[in-house]
Amino acid sequence: MSEKTVYDVIICGAGMAGLTAAAYAGRAGKKVLVLEKNEYCGGLVNSFKRDGFLFDAGLRALEDAGIISPMLHDLGINMEMMRSFVSIGIENKIIKIETGDDIFRYKKLLECFYPAEKDNIAQIINIIKNIMKDMDILYGIENPFFKNIVSDLHYTLKVLLPWFFKFIFTYRKINLLNGPVENFIDTITGNRSLRDIICQHFFKNTPAFFALSYFSLYLDYQYPRGGTGRLATCLEKKARQFGVEIKIKTAVREVRPDGKKVKDHNGNIYFYKKLIWAADLKYFYAIVKTENLPVKVRNGVLKQAEKINSKRGGDSVFTLFLETGVEPEQLAGISHGHFFYTPSSRGLNGILDDRLPEILKGWPTISRSVFLQWLKDFCYYTTYEISVPVLKDEDAAPAGKSGIIVSLLFSYDLCFLIKTDGWYEEFKKEMQENIINVLNDTVFPFLRDNIIKAFSYTPLSIQRIAGASDGALTGWSFERPVPAVNKMLQAKKAVLTPVPDIYQAGQWTYSPGGVPMAILTGKIASDAVLKGLKKNK
């Protein structure tokens, strides 16, 4: 490659944030290069086929949040989407969530298992109902970042302005419920099992407002025909149509702001006017070279690097993929294609919060038998997110068969220790066996006899595939202050870095993050870059 080639924009990382930024910069006629270390784009928004079964490697459905639909429309992307209905189950009781009124079925479900907590459950349900109204406001319009508020006066005057005043009031309520959901539920009930059943399928210390808003989000879930990865595929195709150059299997090894250049793993050099970092921030601050920067700038970069490196990535997951001979109709008779299931109303009740830290702390001396018993207990009392793609897309499996995806929150640190000790593959088989046993003994009694093939991903797989620190699924841990902008009204600041002419995308602007916020920050980063290029010109 000639050293004379200078890109207007280089984007490192082709996840949803990077692809969004690339599409918008490309549409503006800029010379754009995207560098992606994997052999495909999309990061964890990825679907794949194996033996005729369609599986989603990352998220199981898309939450529009007033962001995805306007982005697709704005870029001229046509993608068939279907409602992705959710079911919730505890032991042998399962309810299907299809409308807002099903919140009362959820109330009865909880009362069935915790009759002595009836008054406390009613209080919790009333809070969720109020939050559902707030969510209708929060995501009630097409996000203004994807609208032309200057030329579209109808939208600005008739939609945006009336919404904004409602939003300010709602935003205040969000901040009042910004503490960990576990602590919030503890102020209402002293029943730890009830607390766990409500909270244990959220990331640890998820802010209460967003955890309790999930009943609303369930009603917003959509599934693209062809899997969730279709979103990334369509966005990549659109970016290429706009002239964006995308290099896959190209890992960035060095960023030199002083010369405005990046080096890949093969030693190739690429020059930029502006750069958007849409990948792991810990990795960025490990490879950015500061020695030739002005002292004040270098100190600012080093200070931010120290801040980033002191934080941990968010929770991770263990995912089991099953190819089965189970007929879709049999599974449809039990739940929708997106199913949150807890095998026991006891809940984890200390198995995770109390016992796991003890295991991690005493790992060298913990006997294998003690650990395996803990693992079996954990698998029985945790909450599973189960997805059956063929119940959402009839072409997602061979005729008369079903692929089943089973995920549960799991510790990256534990997987790391196991890998270090040399029995990682044995551990994966143990986990798979535990999960299959639990589901076969409870909600899917036909499962074991119909498994064709099983394979799994661990938090280490996520770290390898997505390059995410600590195998984090959606960003930074809620257990420590998030080292990124996390106030919605400060969203524009979320893309700024202390490095000249370098922006970031895909980092949290508010909790939780996820695909909509990755897309939004990609758009904001692109806007900032285009503005900067215009100013420099």
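Let us look at the structure shown here. Only a predicted model underlies this, so the values are computations on that prediction, with no experimental measurement involved.

1. Here we look at the packing of aromatic side chains
Right, on to step 1. Within the structure shown, the criterion is met by 36 aromatic pairs.
Right, on to step 2. On the numbers, 5.1 Å between centres and 10 degrees between planes, the contact of Phe 478 with Trp 508 is stacked. Placement of the pair is Phe 478 in the loop between α18 (459-466) and β19 (502-504) and Trp 508 in the loop between β19 and α19 (514-536), with a sequence separation of 30 residues.
Right, on to step 3. Judged by relative accessible area, which is 3%, Trp 508 ranks as buried.
Right, on to step 4. Taken together, Phe 318, Trp 363, Phe 371, Trp 374, Phe 378, Phe 410, Trp 423 and Phe 427 form an aromatic cluster joined through their ring pairs.
Right, on to step 5. One Lys or Arg, Arg 50, reaches over the ring of Phe 455 and ends 3.8 Å from the middle of that ring.
Right, on to step 6. When the ring centre of Tyr 424 is taken as reference, the NZ or CZ atom of Lys 419 above it lies at 4.9 Å.

2. Structural notes on the packing of helix α3 (residues 103-113) against helix α4 (residues 118-138)
Right, on to step 1. Here α3 crosses α4 at 155 degrees, and the two axes come no closer than 10 Å. With respect to each other, α3 and α4 are oriented roughly antiparallel. Where α3 crosses over α4, the two elements pack in a sense that is right-handed. Judged by residue contacts, Ile 103, Phe 104, Tyr 106, Lys 107, Leu 110 and Glu 111 of α3 engage Lys 118, Ile 121, Ala 122, Ile 125, Ile 128 and Lys 129 from α4.
Right, on to step 2. A per-class count over the contact of α3 with α4 returns eight nonpolar, no polar and four charged.

3. A word on the sheet that holds strand β7 (residues 86-90)
Right, on to step 1. Here we have seven strands laid out as an open sheet, ordered β8-β7-β15-β16-β17-β14-β18, and mixed in their pairing. Lying at the two open borders of the sheet, with one neighbouring strand each, are β8 (93-97) and β18 (451-457). Between one strand axis and the next, the sheet turns through 20 degrees on average, direction left out of account.
Right, on to step 2. Across the sheet, helix α15 (residues 368-381) is in contact with β15 (338-342), β16 (384-387) and β17 (402-410); its angle to β17 comes to roughly 115 degrees.
Right, on to step 3. In this fold α18 packs onto β14 (316-324), β17 and β18, with an angle of close to 95 degrees to the strand it touches most, β14.

4. Let's talk about the pattern of salt bridges
Right, on to step 1. On inspection of all chains with the given rule, the structure shows 30 salt bridges.
Right, on to step 2. In this structure, the salt-bridge partner of Lys 147 is Glu 142, at a minimum N-O distance of 3.0 Å.
Right, on to step 3. Given the relative accessible area of 25%, Lys 147 is considered partly exposed.
Right, on to step 4. Classification of Glu 142 by relative accessible area gives partly exposed; the value is 34%.
Right, on to step 5. The shortest N-O distance in the salt bridge between Arg 192 and Asp 353 comes to 3.9 Å. Linking Arg 192 in helix α7 (residues 192-199) with Asp 353 in the loop between β15 and α14 (355-361), this pair joins segments that are 161 residues apart in sequence.
Right, on to step 6. Residue classification places Arg 192 among the partly exposed residues on the basis of a relative accessible area of 28%.
Right, on to step 7. Three or more residues are tied together by salt bridges with common partners; here these are Glu 80, Arg 225, Asp 393 and Glu 394.

5. Regarding the environment of Lys 492
Right, on to step 1. Tracing the sequence through the fold places Lys 492 in the loop between α18 and β19.
Right, on to step 2. Beyond its immediate chain neighbours, meaning those up to four positions away, Lys 492 contacts Phe 145 and Ile 524.

6. Some details on the nonpolar core
Right, on to step 1. With 98 residues, the main nonpolar core has Tyr 106 and Leu 231 as its most contacted residues.
Right, on to step 2. Of all the elements, α19 adds the most residues to this core, at 10 residues.
Right, on to step 3. Once residues lying within four places of it in the same chain are set aside, the contact partners of Leu 231 are Met 16, Leu 62, Ile 68, Met 71, Leu 72, Met 79, Val 515 and Ile 519.
Right, on to step 4. The next biggest cluster of nonpolar side chains, apart from the first, holds 56 residues, and it includes Met 82, Tyr 223, Tyr 412 and Cys 415.

7. A look at empty space enclosed by the protein
Right, on to step 1. Enumeration according to the criterion identifies four cavities of 30 Å³ or more in this entry.
Right, on to step 2. Here the largest cavity defines a volume of roughly 140 Å³.
Right, on to step 3. Taken together, Ile 88, Tyr 106, Ile 128, Ile 198, His 201, Phe 202, Ala 211, Leu 212, Tyr 214, Phe 215 and Tyr 218 make up the full set of residues lining the largest cavity.
Right, on to step 4. At three residues, helix α9 (residues 214-218) tops the list of elements feeding residues into the lining of the largest cavity.
Right, on to step 5. Residue classes in the lining of the largest cavity are distributed as 10 nonpolar, one polar and no charged.

8. Considerations on the side chain of Asn 38
Right, on to step 1. Within the secondary structure, Asn 38 is located in the loop between β2 (32-35) and β3 (47-50).
Right, on to step 2. In this structure Asn 38 comes out as buried when scored by relative accessible area, which is 14%.
Right, on to step 3. Only 2.5 Å separates the side chain of Asn 38 from the backbone oxygen of Ile 465, close enough to count as a polar contact.
Right, on to step 4. Setting aside residues no more than four positions away along its own chain, Asn 38 makes contact with Ile 248, Lys 249, Arg 464 and Ile 465.

9. Digging into unusual backbone geometry
Right, on to step 1. Here Asp 470, not a glycine, exhibits a phi torsion of approximately 60 degrees, which is positive.
Right, on to step 2. When you line up the elements, Asp 470 lands in the loop between α18 and β19.
Right, on to step 3. For Asp 470, a relative accessible area of 11% gives the class buried.

10. Details of the side chain of Thr 458
Right, on to step 1. Residue position: Thr 458 is located in the loop between β18 and α18.
Right, on to step 2. Once residues lying within four places of it in the same chain are set aside, the contact partners of Thr 458 are Val 317, Phe 318, Cys 415, Tyr 424, Phe 427 and Lys 428.

11. Some remarks on the environment of Thr 509
Right, on to step 1. One can find Thr 509 in the loop between β19 and α19.
Right, on to step 2. For Thr 509, a relative accessible area of 0% gives the class buried.
Right, on to step 3. With 386 residues separating them in the primary sequence, Thr 509 and Gln 123 have C-alpha atoms 30 Å apart.
Right, on to step 4. When residues no more than four places from it in sequence are discounted, the contact partners of Thr 509 are Val 485, Asn 486, Lys 487, Met 488, Ala 491, Ala 494, Met 517 and Thr 521.

12. Structural notes on the layout of surface pockets
Right, on to step 1. The calculated volume of the second largest pocket comes to roughly 830 Å³.
Right, on to step 2. Along its surface, the second largest pocket is lined by 33 residues, and Asn 143, Pro 144, Phe 145, Phe 146 and Leu 520 are the ones closest to its centre.
Right, on to step 3. If you list the elements that add at least two residues to the lining of the second largest pocket, you get α1 (16-27), α5 (153-176) and α19.

13. A few points about the packing of helix α16 (residues 412-421) against α18
Right, on to step 1. Their axes nearest at 8 Å, the elements α16 and α18 cross at an angle of 95 degrees. One element, α16, and the other, α18, form an angle in the roughly perpendicular class. Listed contacts from α18 to Tyr 412, Cys 415, Phe 416 and Lys 419 of α16 are Pro 459, Leu 460 and Gln 463.
Right, on to step 2. Tallied by class, the residues present in the contact of α16 with α18 amount to five nonpolar, one polar and one charged.

Thresholds applied
Residues numbered from 1 in each chain as written. Predicted model: local features only at pLDDT ≥ 70, side-chain atom pairs only at ≥ 80, totals over all residues. Heavy atoms only, no water. Phe/Tyr/Trp six-rings, centres within 6.5 Å; stacked < 30°, edge-to-face > 60°. Helix = DSSP H or I, 4+ residues; strand = E, 2+ residues; numbered from the N terminus. Buried < 20%, exposed > 50% of the residue type's maximum accessible area, 1.4 Å probe, protein only. Lys NZ or Arg CZ within 6 Å of the ring centre and 35° of its normal. Axes fitted to C-alpha atoms, helices over the stretch in contact; angles between N-to-C directions. Parallel < 35°, antiparallel > 145°, perpendicular 65-115°, else oblique. Left-handed = near helix turned anticlockwise from the far one by under 90°. Contact = heavy atoms within 4.5 Å. Nonpolar A, V, L, I, M, F, W, Y, C, P; charged D, E, K, R; others polar. Pairing = 2+ DSSP bridges. Salt bridge = Lys/Arg side-chain N within 4 Å of Asp/Glu carboxyl O. Core = buried A, V, L, I, M, F, W, Y, C linked by side-chain atoms within 4.5 Å. 1 Å grid on protein atoms, 1.4 Å probe; cavity = no way out; pocket = protein on both sides within 12 Å on 5 of 7 lines; lining within 4 Å. Points joined across faces, edges and corners; volume = space filled by probe spheres on them. Polar contact = N/O pair within 3.5 Å; in protein donor to acceptor, adjacent residues only side chain to side chain.

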